[in-house]
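Given next are the chains, with one letter for each unit.
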Amino acid sequence: MRQKIILIFSAYFAILIIGLIACDEINDCGPFPNKFKVVGLDWVNYKAIYSDTADTKLLLSYIDNDSVIFNEYSIFIAPRQETYFAQNSVDWNFSLIQSAYACSPVIPTTDEKIDSVVILSQKDFDTNHPAGTDLSDLFEIVVLDNANGIYYEKFEIENYLSTNPTVPSELTLILNHQPDMTTDFEFSIKYYQKGIEDNDFFEFTTNKIIIKRDE
């Protein structure tokens, strides 16, 4: 009788293990990468409306007719990520309870940190910002950083960079000063980061958008 109970229990245990393994294969339950590095920047010009009291703080939409009022002009930036495992080996865990609940991917983090963001124009923006000068003080930055619990919070660019931030999920630069005259602008963005020598600098130039004064 005792041998029969042991045999039944062994069979049940084997079926349970096989079921967990099969479930993992069907659901592709890990292991999941836990780190990322930045290999480029994707960007788009958007019309942006921001309110820190709204349920949806940041609303982005396409710019109609390549023309937008100055305080709704934005440059959306998404760091292009390449994920990887921080360790070369995977630790096996034989806890059945943990195996059943361990199929939620972790949010990958990075050790790379933003050093500076420079914004340039080949046109005079205003009397204090002639062509070729850094315009970053004319923009605010809205940050989405899932790994660090920052959800569409707005900062002055200088204040945000002073925190020595790791690279977030998304950045949106929103213009908060109007130009001396309504005209088209294109901006060259120079992005510097610290962490990996081969990927410490990226740049791009936006397409031309007419930025209107609030007359």
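Each value, and the rule that gives it
Here the residue index of a chain counts from 1 through its sequence in written order. It should be noted that, the model being predicted, local features are given only for residues of pLDDT at least 70 and side-chain atom pairs only at 80 or more, the latter also being counted only at that level, while totals for whole chains, interfaces and linings use all residues. The side-chain numbers reported here are obtained from all heavy atoms of the structure, hydrogens and water having been left aside. Here a strand pair is declared whenever DSSP counts at least two bridges between the two strands. To qualify as a helix, a DSSP run of H or I must reach at least 4 residues; to qualify as a strand, a run of E must reach at least 2; elements of each kind are numbered from the N terminus. Think of each axis as a best-fit line through the C-alpha atoms, taken over the contacting stretch in the case of a helix, with angles from 0 to 180 degrees between the N-to-C directions. Exposure classes here rest on a 1.4 Å probe applied to the protein chains alone. A residue is buried below 20% of its type maximum, exposed above 50%, and partly exposed in between.

Now for the sheet that holds strand 12 (residues 209-212). With mixed pairing, three strands are arranged side by side in an open sheet as 3-12-9. The sheet terminates laterally at strand 3 (67-69) and strand 9 (183-185), the two strands that pair on one side only. This sheet shows a mean twist of 40 degrees between the axes of neighbouring strands, independent of strand direction. Pairing geometry for strand 9 and strand 12, over three bridges, is antiparallel. Counted as the bridge partner of Asp184 is Ile210 from strand 12.

Attention now moves to the pairing of strand 6 (residues 139-145). Where burial is concerned, most of strand 6 is hidden: seven out of the seven residues are buried. Side-chain alternation along strand 6 places Phe139, Ile141, Val143 and Asp145 on one buried face and Glu140, Val142 and Leu144 on a second face that is also buried. By the bridge criterion, six bridges tie strand 6 to strand 8 (residues 170-175) in an arrangement that is antiparallel. Counted as the bridge partner of Ile141 is Leu173 from strand 8. Looking at chain direction, strand 6 and strand 7 (residues 150-156) are connected through six bridges and run antiparallel. Bridged to Leu144 within strand 7 is Tyr151. Connecting the antiparallel pair strand 6 and strand 7 is a turn made up of four residues, with Gly149 showing a positive phi of about 70 degrees.

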